[in-house]
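# Secondary and tertiary structure notes
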Amino acid sequence: MRKKNILNAPFVAEMKKTAANMYRLGWDERNGGNISYMLDEKAVGEYLDLKKVLRVIPLMGVNAANFDIAPLIGKIFIVTGTGKYFKNVEDDPAVNLGVVRIVKDGVELLWGFADGGRPTSELPTHLMSHMARLGVDTLNRVVIHSHPTHTLAMNYVHELDEKKFTHTLWEMCTECIAVFPDGVGILPWMLCGTDSIGKATAEKMKEFRLVVWAMHGIYGAGRTMDEAFGLIETVEKAAQIYMLTAHLPRINTIKDEQMIELAELFKCDYRADFLDLKG
Ligand code: 13P
Ligand code: ZN
């Protein structure tokens, strides 16, 4: 059967739209940030001959012996490329994006990276995060890494304690506790692009859909692009309000009891241990 044009595939459209939004929001300067989206093999088969491998690319920055990729072998992802500018994804997806299938120690390129490029240097962290989230939620499909401005700014002036950081964010917008009731995990500054940061991120991902990389950025995971994007977007909005007000006297705040009321109304399984800071 004749294959459809992959440039018209909905998953390519979602990647283009998300990268463009992230760039225009100022979260992803230059090549900052990366996206990985696990695809349905049948859906990809409508566009690509799945037997046609363009290149085999070894995983970057990873000691394969330390990283068990087995649960993902055969899975297909669309991912952003290393060094690729988010601002360019929309106009040239075939160069800036790639569709890859996971094999032992690397990936098979099925489409994209047309200039000889390769997947994001953070692919190990993405893959480990996918495995961690799939262990919690079999419907998880998307992992996004980004450098959102106010979230990053907040890293420099707020204690990097998961409970305190989450609580402050929850206080900044009424609906924060309903959007990320599971809170925000935090890793200390670590060298990016390595399997160690991947493992540490994945460990946090068992508990949180959002993980801050101190003084670097944030990871968000979800069943859909909207969910992963929306989580980061909501943290960033709360962080922006924090940064707009942190230097001013605080006269009003959202109280813990009010957060509980909202979380209960929305039937959210919230981290009650992240409330009652004085308790
Ligand atoms: P890549 O260009 O390899 O995706 O890296 C960007 C980034 O944000 C590293 O953390
Ligand atoms: Zn980064």
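Residues numbered from 1 in each chain as written. Chains lettered and ligands numbered in written order. Predicted model: local features only at pLDDT ≥ 70, side-chain atom pairs only at ≥ 80, totals over all residues. Heavy atoms only, no water.

## Observations concerning the overall build of the chain
Within the chain one finds 11 helices and 9 strands. In terms of overall dimensions, the chain is globule-like: its C-alpha atoms have a radius of gyration of 19 Å, near the 19 Å expected for 279 residues. The C-alpha extent of the chain, read off along each of the three principal axes, is 65 × 35 × 35 Å. A total of 279 residues make up the chain; the buried ones form 54% of that total. Long-range pairs, those at least 24 residues apart, make up 73% of the contacts in the chain between residues at least 6 apart in sequence. In the form shown here, the chain has an accessible surface area of approximately 13000 Å², with 53% of it arising from carbon and sulfur atoms. Of the side-chain charges in the chain, 32 are positive and 36 negative, and the distance between the mean point of each set is 6 Å. (Helix = DSSP H or I, 4+ residues; strand = E, 2+ residues; numbered from the N terminus. Rg over C-alpha atoms; globule rule 2.2 N^0.38 Å. Buried < 20%, exposed > 50% of the residue type's maximum accessible area, 1.4 Å probe, protein only. Contact = heavy atoms within 4.5 Å. Areas by Shrake-Rupley, 256 points an atom, 1.4 Å probe, with all protein chains shown as cover. Lys, Arg positive; Asp, Glu negative; His and termini not counted. Charge placed at Lys NZ, Arg CZ, Asp CG, Glu CD.)

## Considering the layout of surface pockets
Here the second largest pocket is characterised by a volume of approximately 180 Å³. Taken together, 15 residues line the second largest pocket, and the ones lying closest to its centre are Asn-31, Gly-32, Gly-33, Asn-34 and Ser-121. Looking at the lining of the second largest pocket residue by residue, the class counts come to 1 nonpolar, 12 polar and 2 charged. (1 Å grid on protein atoms, 1.4 Å probe; cavity = no way out; pocket = protein on both sides within 12 Å on 5 of 7 lines; lining within 4 Å. Points joined across faces, edges and corners; volume = space filled by probe spheres on them. Nonpolar A, V, L, I, M, F, W, Y, C, P; charged D, E, K, R; others polar.)

## Quick notes on the coordination of the zinc ion (ligand 2)
Angles between donor atoms at a metal ideally measure 109.5 degrees for a four-coordinate tetrahedral arrangement and either 90 or 180 degrees for a six-coordinate octahedral one. Looking at the zinc ion (ligand 2), the protein donor atoms are His-145 (NE2), His-147 (NE2) and His-216 (NE2), and they sit 2.1 Å from it. Counting the intervening residues between successive donors of the zinc ion (ligand 2) yields the motif H-x1-H-x68-H. With His-145 in strand S6 (residues 142-146) and His-216 in the loop between strand S8 (210-213) and strand S9 (217-222), this pair connects stretches of sequence that are 71 residues apart. Residue His-145 is classed as buried on the basis of its relative accessible area of 1%. (Donors = N, O, S within 2.8 Å, 3.2 Å for Na, K, Ca; no water.)

## Notes on the site of ligand 1
Close to ligand 1 lie Asn-31, Gly-32, Gly-33, Asn-34, Thr-82, Gly-83, Thr-120, Ser-121, Glu-122, His-145, His-147 and His-216, which account for all nearby residues. Taking Ser-121, its side chain carries an N or O atom lying 2.6 Å from an oxygen atom of ligand 1. The contact in question runs from an oxygen atom of ligand 1 to an N or O atom on the side chain of His-216, over 3.0 Å. Expressed as a share of its isolated accessible area of 310 Å², the protein-covered part of ligand 1 is 93%. Because more than half of its atoms lie within 2 Å of the grid, ligand 1 is assigned to the second largest pocket. Looking at the shell around ligand 1, its residues break down into no nonpolar, 11 polar and 1 charged. (Near = heavy atom within 4 Å. Polar contact = N/O pair within 3.5 Å; in protein donor to acceptor, adjacent residues only side chain to side chain. Sits in = over half its atoms within 2 Å of the grid points.)

## A short note on helix H9 (residues 195-205)
Every buried residue belonging to H9 is among Asp-195, Ile-197, Gly-198, Ala-200, Thr-201, Ala-202 and Met-205, and all of these are buried. In this structure, the buried side of H9 is in contact with helix H5 (123-136), strand S7 (184-187), S8 and S9.

## Quick word on the packing of H5 against H9
How two helices sit against one another is set out by the angle between their axes and by the gap between those axes. The N-to-C vectors of H5 and H9 enclose an angle of 20°; their axes lie 8 Å apart at closest approach. Between H5 and H9, the angle falls in the class roughly parallel. For the element pair H5 and H9, the recorded crossing hand is right-handed. Every residue of H9 that contacts H5 at Thr-125, Met-128, Ser-129, Ala-132, Arg-133 and Val-136 is listed here: Asp-195, Ile-197, Gly-198, Lys-199, Thr-201, Ala-202 and Met-205. Grouping the constituent residues of the contact of H5 with H9 by class yields 6 nonpolar, 4 polar and 3 charged. (Axes fitted to C-alpha atoms, helices over the stretch in contact; angles between N-to-C directions. Parallel < 35°, antiparallel > 145°, perpendicular 65-115°, else oblique. Left-handed = near helix turned anticlockwise from the far one by under 90°.)

## Looking at the pattern of salt bridges
Overall, the coordinates contain 14 salt bridges when judged by the stated rule. The salt bridge involving Glu-90 is made with Arg-24; its shortest N-O contact spans 2.9 Å. Residue Glu-90 is located in the loop between helix H3 (86-89) and helix H4 (93-96), and its partner Arg-24 is located in helix H1 (residues 10-24); the two are separated by 66 residues in the primary sequence. For Arg-250, the salt bridge identified is with Glu-171, shortest N-O distance 3.7 Å. Residue Arg-250 is found in the loop between helix H10 (225-245) and helix H11 (256-265), and its partner Glu-171 is found in helix H7 (residues 162-172); the two are separated by 79 residues along the sequence. Of the residues examined, Arg-250 reaches a relative accessible area of 45% and is grouped as partly exposed. Taking relative accessible area as the criterion, Glu-171 reaches 16% and is therefore assigned buried. Here the salt bridges do not stand alone but share partners, grouping Asp-182, Arg-209 and Glu-227 into one network. (Salt bridge = Lys/Arg side-chain N within 4 Å of Asp/Glu carboxyl O.)

## Looking at the environment of Leu-59
Relative to the helices and strands, Leu-59 resides in the loop between strand S2 (55-58) and strand S3 (76-80). Between the C-alpha atoms of Leu-59 and Gly-81, which are 22 residues apart in sequence, the distance is 13 Å. Ignoring anything within four residues of it in the chain, the contact list for Leu-59 reads Phe-67, Ile-69, Asp-105, Gly-106, Val-107, Arg-118, Leu-123 and Leu-127.

## Quick notes on the nonpolar core
Generally speaking, soluble globular proteins have nonpolar side chains that are buried together. Core analysis: the biggest nonpolar cluster contains 57 residues, and Ile-6, Phe-11, Ile-78, Val-99, Ile-144, Leu-169 and Phe-180 have the highest contact counts within it. Sorting elements by how many residues they give to this core places H10 first, with 9 residues. In this structure, Phe-77, Ile-102, Met-131 and Leu-187 belong to the second largest nonpolar core, which totals 29 residues. (Core = buried A, V, L, I, M, F, W, Y, C linked by side-chain atoms within 4.5 Å.)

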